[in-house]
Amino acid sequence: TQEIRVKDGVVVLSKFSPRSFEEDEAEMAATSFVLCNEANVWSVDDKQLAEAVGNFKAPKKSPEYEGGKTALRNWFLNHPLTDERAKERLFRVRIGFMVNCKGEAGRWQVISKGKGELFEFSNMVLDIVKTMPQKWSSAEGKKGSKVDCWQVLEFTVSNGTLTNANYK
C-alpha cells in the first residue's frame, strides 16, 4: 500500500508499505479506537487543540500518563528520530489525541503548525508517539465519572531527541 499526504496541493509525504491492503485493513480493525460516548466529549484547555478539533468542556481531572510526566519523558528520550536531517534541528511538536473512558488512546494528529521539512519531522514524531505504551488514566467529568477527552502531548526535538515531553 502507499500513503500519500497532501497539504495545500503539495505532496508532503509519500511512503510505501510492503504489506498488503488486507494486512493493513486487518491491523486497523484489530486496533480500532472507539469512544465510550461520542455525544459527551471533553477536552483539556488548549487553544491549538481547540482550533484543530473544536471547543469542548474542560474535565474536572485531565487524562494522565501512568508513572507521570517523568515516565513519559524517559520513554521518549529512548526513542529519537532516526532521520539524519532532524539531528541538526531544534523545533517543537504538538500532538492532539483522545483518551477514552477506558484509558485507551487514539485519533492522533499533529496540531502544531509546520511546513516543509518541519511538517515531515512532525509526522515522524507522530509515528513514534503512536508506538508508545498506552498507559493513560481517563479524564473525569464534573461529577467524577470517567469520560472521553482530548489531550495534548508536546515535545522539544533537539538533535533528533524528543526532550521536554509534556501534557496538559
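What comes next is a walk through the structure.

What counts as what
Residues numbered from 1 in each chain as written. Predicted model: local features only at pLDDT ≥ 70, side-chain atom pairs only at ≥ 80, totals over all residues. Heavy atoms only, no water. Disulfide = S-S within 2.5 Å. Helix = DSSP H or I, 4+ residues; strand = E, 2+ residues; numbered from the N terminus. Buried < 20%, exposed > 50% of the residue type's maximum accessible area, 1.4 Å probe, protein only. Contact = heavy atoms within 4.5 Å. Expected span 1.5 Å × (residues − 1). Phe/Tyr/Trp six-rings, centres within 6.5 Å; stacked < 30°, edge-to-face > 60°. Lys NZ or Arg CZ within 6 Å of the ring centre and 35° of its normal. Core = buried A, V, L, I, M, F, W, Y, C linked by side-chain atoms within 4.5 Å. Pairing = 2+ DSSP bridges.

### A short note on the state of the cysteines
Here comes step 1: Under the defined criterion, the tally for this structure stands at one disulfide.
Here comes step 2: In this model C36 forms its disulfide with C101; the gap between the sulfur atoms is 1.9 Å. Measuring the twist about the S-S bond at about -85 degrees, one finds the C36-C101 disulfide to be left-handed. Of the two residues, C36 sits in the loop between α1 (21–30) and β3 (41–43) while C101 sits in the loop between β5 (90–99) and β6 (105–110), which places them 65 residues apart along the sequence.

### What to know about the environment of K60
Here comes step 1: Its place among the elements puts K60 in the loop between α2 (47–53) and β4 (64–65).
Here comes step 2: Since its relative accessible area comes to 56%, K60 is described here as exposed.
Here comes step 3: If sequence neighbours within four positions are ignored, K60 has contacts with E140, G141 and K142.

### Describing helix α4 (residues 117–129)
Since there are 3.6 residues in each turn of an α-helix, residues three or four apart along the chain are aligned in direction.
Here comes step 1: Between its terminal C-alpha atoms α4 stretches 18 Å, which fits the 18 Å expected from 13 residues at 1.5 Å a residue.
Here comes step 2: Residues of α4 that are buried include every one of F119, F121, S122, N123, V125, L126, I128 and V129, and no others.

### Observations regarding the packing of aromatic side chains
Here comes step 1: This model, assessed by the stated rule, comprises seven aromatic pairs.
Here comes step 2: Aromatic pair F76 and F155: ring centres 4.7 Å apart, planes at 70 degrees, arrangement edge-to-face. With F76 in helix α3 (residues 68–77) and F155 in strand β9 (residues 146–158), the pair connects residues that are 79 residues apart, well separated along the chain.
Here comes step 3: Relative to W108, the ring of F97 has its centre 4.6 Å away and its plane inclined at 20 degrees; by these criteria the two rings are stacked. With F97 in strand β5 and W108 in strand β6, this residue pair connects regions lying 11 residues apart in the sequence.
Here comes step 4: Aromatic rings pair up to connect Y65, F97, W108, W136 and Y167 into one cluster.
Here comes step 5: Stacked on the ring of W42, the Lys or Arg K57 has its end atom at 4.7 Å from the ring centre.
Here comes step 6: When the ring centre of Y167 is taken as reference, the NZ or CZ atom of K69 above it lies at 5.1 Å.

### A few points about the nonpolar core
Here comes step 1: With 26 residues, the main nonpolar core has F76, V129, M132, W136, L153 and F155 as its most contacted residues.
Here comes step 2: When sequence neighbours within four positions are dropped, the list of residues in contact with M132 reads Y65, L72, W75, F76 and L153.
Here comes step 3: The next biggest cluster of nonpolar side chains, apart from the first, holds 14 residues, and it includes V41, W42, V147 and W150.

### Points about the pairing of β9
Here is the key point about a regular strand: its side chains alternate between the two faces of the sheet.
Here comes step 1: In terms of residue burial, β9 counts as a mostly covered element, since 11 of its 13 residues are buried.
Here comes step 2: Pairing of β5 with β9, which is carried by 10 bridges, proceeds in the antiparallel orientation. For M98, the partnering residue across the bridge sits in β9 and is W150.
Here comes step 3: Across two bridges, strand β8 (residues 139–140) lies against β9 in antiparallel orientation. Paired with E140 across the bridge in β9 is K146.
Here comes step 4: Between β8 and β9, which pair antiparallel one after the other, the connecting turn spans five residues, and G144 there sits at a positive phi close to 90 degrees.

### Regarding the environment of P59
Here comes step 1: You can see P59 is positioned in the loop between α2 and β4.
Here comes step 2: Classification of P59 by relative accessible area gives buried; the value is 11%.
Here comes step 3: Taking the C-alpha atoms as reference points, P59 and V44, separated by 15 residues in sequence, lie 6.8 Å from one another.
Here comes step 4: In this structure P59 touches W42, S43, V44, A139, E140, K142 and C149, once residues within four positions along its chain are discounted.

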